[in-house]
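Here's the letter readout for the chains.
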Amino acid sequence: MMKLKVKKLHPDAILPTYATDGAGCFDLHALDGDDFKPHPRDQHAAIFRTGLAFEIPPGWVMEIHSRSGQGFKDAIRLSNCTGQIDSDYRGEVMVALRFDGDDDARCPKVRTGDRIAQAKLVASPRVEFDLVDELGDTAREGGGFGSTGA
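Because the structure is predicted, anything quoted here is derived from the model rather than measured.

Colleague: I would appreciate a short explanation of the overall build of the protein chain in the present structure.
Modeller: In terms of helices and strands, the protein chain carries one helix and ten strands. What you see in the protein chain, going N to C, is helices and strands ordered as β-β-β-β-β-β-α-β-β-β-β. In the protein chain, buried positions account for 27% of the 150 residues.

Below, the structure written as structure tokens:
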């Protein structure tokens, strides 16, 4: 099992946990849910601190995703859809959430300690770019988006 180094930047920060044995991602929690920072350019979004920093191993990234329950039940998602934390970033991980509903009165409250996102480590190998004159053939060839019929 891989170990991921985590640093608490605030004593009240909650270490990530897996909700179930079969969970593919670990949950991130709001440190300042009761006193969130409004997003500077979007009245339906807010930025939440986690109070945590991570030492992501070289060759890996930490992907941050929306929690499906927030999307289905509350019309809340990550503002940037998916976050990428690089292995050389050591600052606090923060999460920007956006309410996609049309009734501000129905916007759910995010409280301190709430699970606000989920994350996982993903291998991210470095590649070398090889400029070529031709690419290999495939059955799809140059068919555009949606060309497979799906």
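Let's pick the thread back up.
Colleague: It is not clear to me how the pattern of salt bridges should be interpreted in this structure. Could you clarify?
Modeller: Side chains that differ in charge, positive against negative, can pair when their charged atoms come close. This structure, assessed with the given rule, holds three salt bridges. The salt bridge involving R115 is made with D27; its shortest N-O contact spans 3.3 Å. Residue R115 is located in strand β10 (residues 115–123), and its partner D27 is located in strand β2 (residues 26–29); the two are separated by 88 residues in the primary sequence. Given a relative accessible area of 5%, D27 falls into the buried group. Residue R49 is joined to E92 by a salt bridge in which the shortest nitrogen-to-oxygen separation is 3.0 Å. With R49 in strand β4 (residues 45–49) and E92 in the loop between β8 (82–85) and β9 (94–99), this residue pair connects regions lying 43 residues apart in the sequence. Using a relative accessible area of 29% as the deciding quantity, one classes R49 as partly exposed. Relative accessible area serves as the criterion here: at 16%, E92 is assigned to the buried category. Taken together, the shared-partner salt bridges connect D27, R67 and R115 into one network.

Colleague: Explain the environment of H29 here, please?
Modeller: Looking at the secondary structure, you find H29 in strand β2. Separated by 19 residues in sequence, H29 and F48 have C-alpha atoms that sit 8.9 Å apart. In contact with H29, not counting residues within four places along its chain, are I14, L15, T17, R49, T50, G113, D114, R115 and I116. Within the local environment of H29, its side chain forms a polar contact with the backbone oxygen of G113, the two atoms lying 3.0 Å apart.

Colleague: Looking at this structure, how should I read the pairing of β10?
Modeller: Bridge analysis of β2 against β10 gives four bridges, and the strand direction is antiparallel. Within β10, the residue paired with F26 across the bridge is A119. The sheet contact formed by strand β6 (residues 60–65) and β10 spans six bridges and is antiparallel. Considered in β10, the bridge of I64 is made with A119.

Colleague: When you look at the nonpolar core in this model, what are you seeing that I'm missing?
Modeller: In this structure, L28, M62, I64 and L97 are the most contacted members of the largest nonpolar core, which totals 22 residues. Within the residue set of this core, elements represented by two or more residues are β2, β4, β5 (52–55), β6, β7 (76–78), β9 and β10. Excluding anything up to four places from it in sequence, L97 contacts H44, A45, A46, F48, Q70, I76, R77, L78, S79, V110 and I116.

Colleague: Even after reading the chapter, I still don't get the packing of aromatic side chains, so can you show me in this structure?
Modeller: Both the distance between ring centres and the angle between the ring planes are used here to describe each pair of aromatic rings. Counted according to the given criterion, the structure contains one aromatic pair. Here Y18 and F26 contribute two aromatic rings whose centre-to-centre distance is 5.8 Å and whose plane-to-plane angle is 80°, an arrangement assigned as edge-to-face.

Colleague: Got a minute to help me understand the sheet that holds β8 in this structure?
Modeller: Backbone-to-backbone hydrogen bonds join strands into a sheet, with any given pair of strands oriented parallel or antiparallel. Pairing is antiparallel across the open sheet formed by four strands, whose spatial order is β2-β10-β6-β8. Only two strands of the sheet have a single partner each, and these edge strands are β2 and β8. Strand after strand, the sheet turns through a mean of 35° between neighbouring axes, direction not considered.

Conventions adopted
Residues numbered from 1 in each chain as written. Predicted model: local features only at pLDDT ≥ 70, side-chain atom pairs only at ≥ 80, totals over all residues. Heavy atoms only, no water. Helix = DSSP H or I, 4+ residues; strand = E, 2+ residues; numbered from the N terminus. Buried < 20%, exposed > 50% of the residue type's maximum accessible area, 1.4 Å probe, protein only. Salt bridge = Lys/Arg side-chain N within 4 Å of Asp/Glu carboxyl O. Contact = heavy atoms within 4.5 Å. Polar contact = N/O pair within 3.5 Å; in protein donor to acceptor, adjacent residues only side chain to side chain. Pairing = 2+ DSSP bridges. Core = buried A, V, L, I, M, F, W, Y, C linked by side-chain atoms within 4.5 Å. Phe/Tyr/Trp six-rings, centres within 6.5 Å; stacked < 30°, edge-to-face > 60°. Axes fitted to C-alpha atoms, helices over the stretch in contact; angles between N-to-C directions.

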